[in-house]
Amino acid sequence: MTFQDFNFDEQLLEGVLSMGYNTPTPIQSLAIPAIMNGDDLIACAQTGTGKTASYLLPVLDNICKTHNHHTTALVLAPTRELAQQIDQQVEGLAYFSGVSSQAVFGGGDGMAYEQQRRGIQNNVNILIATPGRLIAHLTSGVLKLNQITHLVLDEADRMLDMGFHDDIMRIVGYLPKKRQTLLFSATMPQRIRKLANAILHNPQQINIAISQPAAGIDQQIYRLHDQQKTPLLKHILKQGYQSAIVFASRKEIVKSLYKELKAANVNTAAFHSDLEQKEREEILLRFKNRQLPVIIGTDALSRGIDVEGIDLVVNYDVPPDPEDYVHRIGRTARAATTGTAITFVNNRDLRRLKTIEQLIERPINEKELPGDLKAIEPAKETRPERSGGDHKKGGRRNDRRYGKKKHTKPAGGDNKSA
Ligand code: AMP
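Everything quoted here is computed from the prediction, not taken from an experiment.

Peer 1: Can you walk me through the packing of aromatic side chains in this structure?
Peer 2: Two aromatic rings are characterised by how far apart their centres lie and by the angle between their planes. A full pass over the atoms with the stated rule returns six aromatic pairs. Among the aromatic residues, ring-to-ring pairing joins Phe3, Phe6, Phe8 and Tyr21 into one connected group. The aromatic ring of tyrosine 316 is capped on one face by lysine 229, whose charged end is 5.3 Å from the ring centroid.

Peer 1: What is the right way to read the site of the ligand from this model?
Peer 2: For the ligand, the set of nearby residues contains 15 residues, the closest of which are Tyr21, Gln28, Gly48, Gly50 and Thr52. Here tyrosine 21 contributes a side-chain N or O atom positioned 2.6 Å from an oxygen atom of the ligand. Note that an oxygen atom of the ligand is positioned 3.1 Å from one of the backbone N or O atoms of threonine 49. In isolation the ligand exposes 500 Å². Once the protein is present, 91% of that is buried.

Peer 1: Help me understand the sheet that holds strand β8 (residues 217-223) in this model?
Peer 2: Strand pairing in a sheet takes place through backbone hydrogen bonds and is either antiparallel or parallel in direction. On the basis of which strands lie adjacent, the open sheet formed by seven strands has the order β10-β11-β9-β12-β13-β8-β14 and parallel pairing. Strands at the two margins of the open sheet, each flanked by one partner only, are β10 (268-271) and β14 (365-367). Looking at each pair of strands side by side, their axes are set apart by 25° on average, direction ignored. Contacts between helix α11 (residues 251-263) and the sheet are confined to β9 (244-247), β10 and β11 (294-297), with β10 contributing the most and set at about 175° to the helix.

Peer 1: Which parts of the structure should I look at to understand empty space enclosed by the protein?
Peer 2: In this structure the tally under the stated criterion is three cavities of 30 Å³ or more. Put simply, the second largest cavity is a space of about 60 Å³. In terms of lining, the second largest cavity is formed by 12 residues, of which the most central are Ala45, Thr47, Lys51, Glu155 and Ala186. Split by residue class, the lining of the second largest cavity holds three nonpolar, four polar and five charged.

Peer 1: Help me understand α11, please; the structure alone is not making it clear to me.
Peer 2: Helical geometry: 3.6 residues make up each α-helical turn, so side chains three or four residues apart lie on a common side. Its 13 residues give α11 an end-to-end C-alpha distance of 18 Å, which sits within 8% of 18 Å, the value for a rise of 1.5 Å per residue. Taken together, the buried positions of α11 are Ile253, Val254, Leu257 and Leu261. With its buried residues spanning 100° around the axis, α11 presents them on a single face. Across α11 from its buried face, at more than 90 degrees, point the exposed residues Lys259 and Ala263. In this fold, the buried residues of α11 make contact with α10 (226-237), β9, β10 and β11.

Peer 1: Quick question: what am I supposed to make of the pairing of β9 here?
Peer 2: Remark: a regular strand shows side chains that alternate across the two faces of the sheet. Alternating positions in β9 separate into two faces, Ala244 and Val246 on one and Ile245 and Phe247 on the other, with burial throughout. Across four bridges, β9 lies against β11 in parallel orientation. When the bridges of β11 are listed, alanine 244 appears paired with valine 294. Pairing between β9 and strand β12 (residues 312-315): four bridges, direction parallel. The partner of isoleucine 245 across the bridge, within β12, is valine 313.

Peer 1: Explanation requested: the pattern of salt bridges in the structure shown.
Peer 2: Should their charged atoms come close, side chains of opposite charge can pair. By the definition in use, this model includes 14 salt bridges. With a closest N to O distance of 3.7 Å, aspartate 226 and lysine 229 form a salt bridge. In this pair, aspartate 226 and lysine 229 both sit in helix α10, three residues apart, roughly one turn of the helix. Residue lysine 229 is classed as buried on the basis of its relative accessible area of 5%. A salt bridge links arginine 250 to glutamate 252; the shortest N-O distance between them is 3.6 Å. Through salt bridges that share partners, Lys51, Asp154 and Glu155 make up one connected network.

Peer 1: Can you walk me through unusual backbone geometry in this structure?
Peer 2: Most peptide bonds take the trans configuration, and most residues that are not glycine carry a negative phi. A positive phi angle, close to 55°, is found at asparagine 123, a residue other than glycine. If you trace the backbone, asparagine 123 turns up in the loop between α5 (110-121) and β4 (126-129). Residue asparagine 202 is not a glycine yet carries a positive backbone phi of 45°.

Peer 1: Help me understand the nonpolar core, please; the structure alone is not making it clear to me.
Peer 2: Across soluble globular proteins, nonpolar side chains have a tendency to be buried as a group. Within the largest apolar cluster, 39 residues are counted, with the highest numbers of intra-cluster contacts made by Leu41, Tyr55, Leu57, Leu60 and Ile126. Going through the elements one at a time, α1 (10-18), α2 (26-36), β1 (41-44), α3 (51-66), β2 (73-76), α4 (80-93), β4 and β6 (180-185) are the ones with two or more residues in this core. Here the element with the most residues in this core is α3; it accounts for eight residues. With residues near it in sequence (within four places) discarded, leucine 41 still touches Ala31, Ala34, Ile35, Thr181, Leu182, Leu183, Phe184, Leu200, Pro203, Gln204 and Ile206.

Procedures and definitions
All residue numbers refer to positions counted from 1 along the written sequence of the respective chain. Per-residue local features of the predicted model are confined to residues with pLDDT of at least 70, and side-chain atom pairs are confined, for both listing and counting, to 80 or more; whole-chain, interface and lining totals are unaffected and use all residues. Each side-chain value is worked out from all heavy atoms of the structure, with water and hydrogens disregarded. Aromatic pairs are defined between Phe, Tyr and Trp rings, using the six-membered ring for Trp, whenever the two ring centres lie within 6.5 Å; interplanar angles under 30 degrees are classed as stacked, those over 60 as edge-to-face, and all others as tilted. Lysine and arginine charges are scored as sitting over a ring when NZ or CZ, respectively, is within 6 Å of the ring centre and within 35 degrees of the ring normal. Each residue is tested against the molecule or strand, and it is near if at least one of its non-hydrogen atoms lies within 4 Å. Polar contacts, as counted here, are pairs of nitrogen or oxygen atoms within 3.5 Å of one another; within protein the pair requires one atom able to donate a hydrogen and one able to accept it, and residues that are adjacent in sequence qualify only if both atoms are side-chain atoms. Values of accessible area rely on a 1.4 Å probe in the Shrake-Rupley scheme; residue burial ignores everything except the protein chains shown. Note on pairing: DSSP must find at least two bridges between two strands before they are called paired. Think of it this way: any DSSP run of H or I at least four residues long counts as a helix, any run of E at least two long counts as a strand, and we number them from the N terminus. Geometry is summarised by axes, namely lines fitted to C-alpha atoms with helices restricted to the contacting stretch, and by angles between N-to-C directions that run from 0 to 180 degrees. In what follows, a contact means two residues having at least one pair of non-hydrogen atoms within 4.5 Å. Only protein atoms enter the 1 Å grid used here. Points where a 1.4 Å probe fits but cannot escape make up a cavity, open sets with protein on both sides within 12 Å along at least five of seven lines make up a pocket, and a residue lines them when an atom lies within 4 Å of a point. Grid points are joined across faces, edges and corners, and a volume is the space filled by probe spheres set on the points. Polar here means any residue outside two lists: the nonpolar Ala, Val, Leu, Ile, Met, Phe, Trp, Tyr, Cys and Pro, and the charged Asp, Glu, Lys and Arg; Gly therefore counts as polar. How far a helix is expected to stretch is found by multiplying one less than its residue total by 1.5 Å. The buried label goes to any residue with under 20% of its type's maximum accessible area, the exposed label to any with over 50%, and the partly exposed label to all in between, with areas taken from a 1.4 Å probe on protein chains only. The arc in question is formed by the directions pointing from the helix axis toward the C-beta atoms. Basic side-chain nitrogens of Lys or Arg form a salt bridge, by our definition, when they fall within 4 Å of a carboxyl oxygen of Asp or Glu. What we call a nonpolar core is a set of buried Ala, Val, Leu, Ile, Met, Phe, Trp, Tyr and Cys residues that are connected through their side-chain atoms within 4.5 Å.

As structure tokens, this is what we get:
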């Protein structure tokens, strides 16, 4: 399948090709025709699968073909970072067709608020918003959503995790009943199904296997003691990686690690929830522009941060939620490139490692500690056996960049990933 097969508006197609997209990803091949057909859609797909373009393209195509000058599409996203990234993707894809968009999110200064307000008043075609800030504009009376024909919930599971359920329902109350609703989520727990039942109408369903990291990622673990972690990290960062993210589960660890790396002359920044919005944006910009080779961050960084060319992800500890492991390492090897993901595992984290291996359906390659670090006896406890699956090299591996399993079926059926 090619992008020409969708019969997109010509200028939109020009935008797609200028972004360097040649072949639709699996989620795009499945979602685009369904959305163009006017169906509601519930799609289980993580970042890195091309899910953003899978809903933006049919929405943009509709706007191009109807030549409308109203706000007809609303995308809700959990964080300002994601909202901004979606907005940037609209800008790229719509470069030749002139469809307008505005990201609406909280936390900025008065100027940012004013700019958002002006965008809203100018009837941009697409609004991309975090729920809280959108409600502020709705209640101030600036914003009317009575012409919305397309509602997208992106990273719906994350929005519910962040407590946006009531805000979402409130926003939906402002929208016309006759609309197309598209829900994207990396996971499909029961509460997402409930939300879908409440706001979607007879949706098509698409399931792109969520738990399989990109095939281009070389996943490795080191078994070690806590005191070996920082020396090993310094050693790894000297291996010539261009762009690296180091994840730690708590911001206290991020902060102290930042100090230690700085003292070792590593050009790095710490990214965590105590920073101002402006500081976070500045760090991400420097990272994207390759002025900053290393970021240390909590899981706040792990979802939705779309930076190409990250060649190393280090998990300073094993994330408690195996899905977070997939999200963290998904920051590398994006859009069919390659990358390395290294996880530090102490004895306490062995059980977590086992759950991750079960989720990704393969054992992770264990590396030997380098030279000096071998002086301390590595972690001794034996790794618990994984239950089920194939332990042999390769096992049931993931051999597709964008997920391996998919199906469409009408609403109301059972769903294995629920
Ligand atoms: P997403 O899953 O939407 O976060 O997209 C992940 C990355 O893949 C983004 O950098 C997109 O620009 C890129 N991308 C999306 N669709 C394609 C495609 N068909 N071909 C190549 N890259 C793509």
